[in-house]
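Report on the structure
One letter stands for each residue in the lines below.
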Amino acid sequence: MRDAFGGEFMIRLFLVFIVVYVAFTAVSLNYAKAFRIKNKVISFIEENEINNLADLNCDELGQMVTNSQYTKTCKNGNGIITNNENKTSGYCCNGVVINTKEITDKYYIYTINTYADWNVGALNMILTFGGEKQNSRNFVDGSWEISGEAKVNRRKK
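What this report covers is the structure whose coordinates are included nearby. Keep in mind that this is a model prediction, so the values were computed, not measured.

**A short note on the overall build of the chain**
What the chain contains, in helices and strands, is two helices and five strands. Counted from the first residue to the last, the chain has its helices and strands arranged as α-α-β-β-β-β-β. Buried residues in the chain amount to 31% of all 157 residues. Contacts spanning at least 24 positions in sequence make up 63% of the contacts within the chain whose residues lie at least 6 apart. Element-wise, carbon and sulfur atoms account for 52% of the exposed surface of the chain, whose accessible area totals about 10,900 Å².

Listed below in structure tokens is the structure:
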């Protein structure tokens, strides 16, 4: 009875733990990258005092995002996002979405959204320990939206 908890079981248990740990670490790093991009975009908007999204240029902002290795894309390409009434409601640049939240007498307030994808397909390796093929079941994936606000002072003309 002493050998019932054998070496093969322990090796499989350690491998499962390692796979779960590596998958969790990869998701955490992707989440942290999206937060870092969001903060850089907020700083960019506040430092350059962007007061009209139509004037926003994706060249400089896009270069900053690309240099940070953020690889998301906009559904309809980079540029202005319009609402049903053909009014400017936001701006998308390399997967970063900037929307006008509120315009007051003193401030322009923008909402910045970045996205952290997660895909734990690596956990399908656990299926092989039970005798199934690695991709015999669908894996879990999705995306988290990370939001922040930028507040730009409104200058009197």
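**Describing the nonpolar core**
Val 41, Ile 45, Leu 56, Val 96, Ile 98, Tyr 110 and Ile 112 are the most contacted members of the largest nonpolar core, which totals 21 residues. Elements with a contribution of two residues or more to this core: helix H1 (7-47), helix H2 (58-67), strand S2 (88-93), strand S3 (96-103), strand S4 (107-119) and strand S5 (141-153). Residue contributions to this core peak at five residues, all from H1.

**Description of the pattern of salt bridges**
For the structure shown, the criterion picks out three salt bridges. A salt bridge links Arg 12 to Glu 8; its shortest N-O distance comes to 3.2 Å. With Arg 12 and Glu 8 both in helix H1 and four residues apart, this pair spans about one turn of that helix. Since its relative accessible area comes to 34%, Arg 12 is described here as partly exposed. A salt bridge links Asp 117 to Lys 72; the nearest nitrogen and oxygen atoms lie 3.8 Å apart. Remark: Lys 72 occurs in the loop between H2 and strand S1 (79-82) and Asp 117 occurs in strand S4; sequence separation between them is 45 residues. Its relative accessible area of 35% is what places Asp 117 among the partly exposed residues. We classify Lys 72 as buried; its relative accessible area is 18%.

**Digging into the environment of Thr 114**
Relative to the elements of secondary structure, Thr 114 occurs in strand S4. Residue Thr 114 is classed as buried on the basis of its relative accessible area, which comes to 0%. For Thr 114 and Gly 148, which are 34 residues apart along the polypeptide, the C-alpha to C-alpha distance reads 8.8 Å. Contacts of Thr 114, omitting those with residues within four sequence positions, involve Ala 34, Ile 37, Lys 38, Tyr 70, Val 96, Trp 144, Glu 145 and Ile 146.

**A closer look at unusual backbone geometry**
Despite not being glycine, Gln 69 shows a phi value in the positive range, around 60°. Turning to its location among the elements, Gln 69 is positioned in the loop between H2 and S1. With a phi angle near 50°, Asn 94 is a residue other than glycine that sits in the positive phi range. Judged by relative accessible area, which is 16%, Asn 94 ranks as buried.

**Section: the state of the cysteines**
By the definition in use, this model includes two disulfides. Across the disulfide from Cys 58 sits Cys 93; the S-S distance is 2.0 Å. On the sign convention where negative means left-handed, the S-S torsion of about 85° between Cys 58 and Cys 93 marks this disulfide as right-handed. You can see Cys 58 sitting in helix H2 and its partner Cys 93 sitting in strand S2, a full 35 residues away along the chain. Note on Cys 93: relative accessible area 0%, which makes it buried. A disulfide bridge connects Cys 74 with Cys 92, and the sulfur atoms are separated by 1.9 Å. Handedness here is read from the sign of the S-S torsion; for Cys 74 and Cys 92, about -95°, the answer is left-handed. Of the two residues, Cys 74 is situated in the loop between H2 and S1 and Cys 92 in strand S2; the sequence distance between them amounts to 18 residues. Assessed through its relative accessible area of 11%, Cys 74 is described here as buried. The connectivity of the disulfide-linked cysteines in the chain, indexed sequentially, is 1-4, 2-3.

Calculation rules
Residues numbered from 1 in each chain as written. Predicted model: local features only at pLDDT ≥ 70, side-chain atom pairs only at ≥ 80, totals over all residues. Heavy atoms only, no water. Helix = DSSP H or I, 4+ residues; strand = E, 2+ residues; numbered from the N terminus. Buried < 20%, exposed > 50% of the residue type's maximum accessible area, 1.4 Å probe, protein only. Contact = heavy atoms within 4.5 Å. Areas by Shrake-Rupley, 256 points an atom, 1.4 Å probe, with all protein chains shown as cover. Core = buried A, V, L, I, M, F, W, Y, C linked by side-chain atoms within 4.5 Å. Salt bridge = Lys/Arg side-chain N within 4 Å of Asp/Glu carboxyl O. Disulfide = S-S within 2.5 Å.

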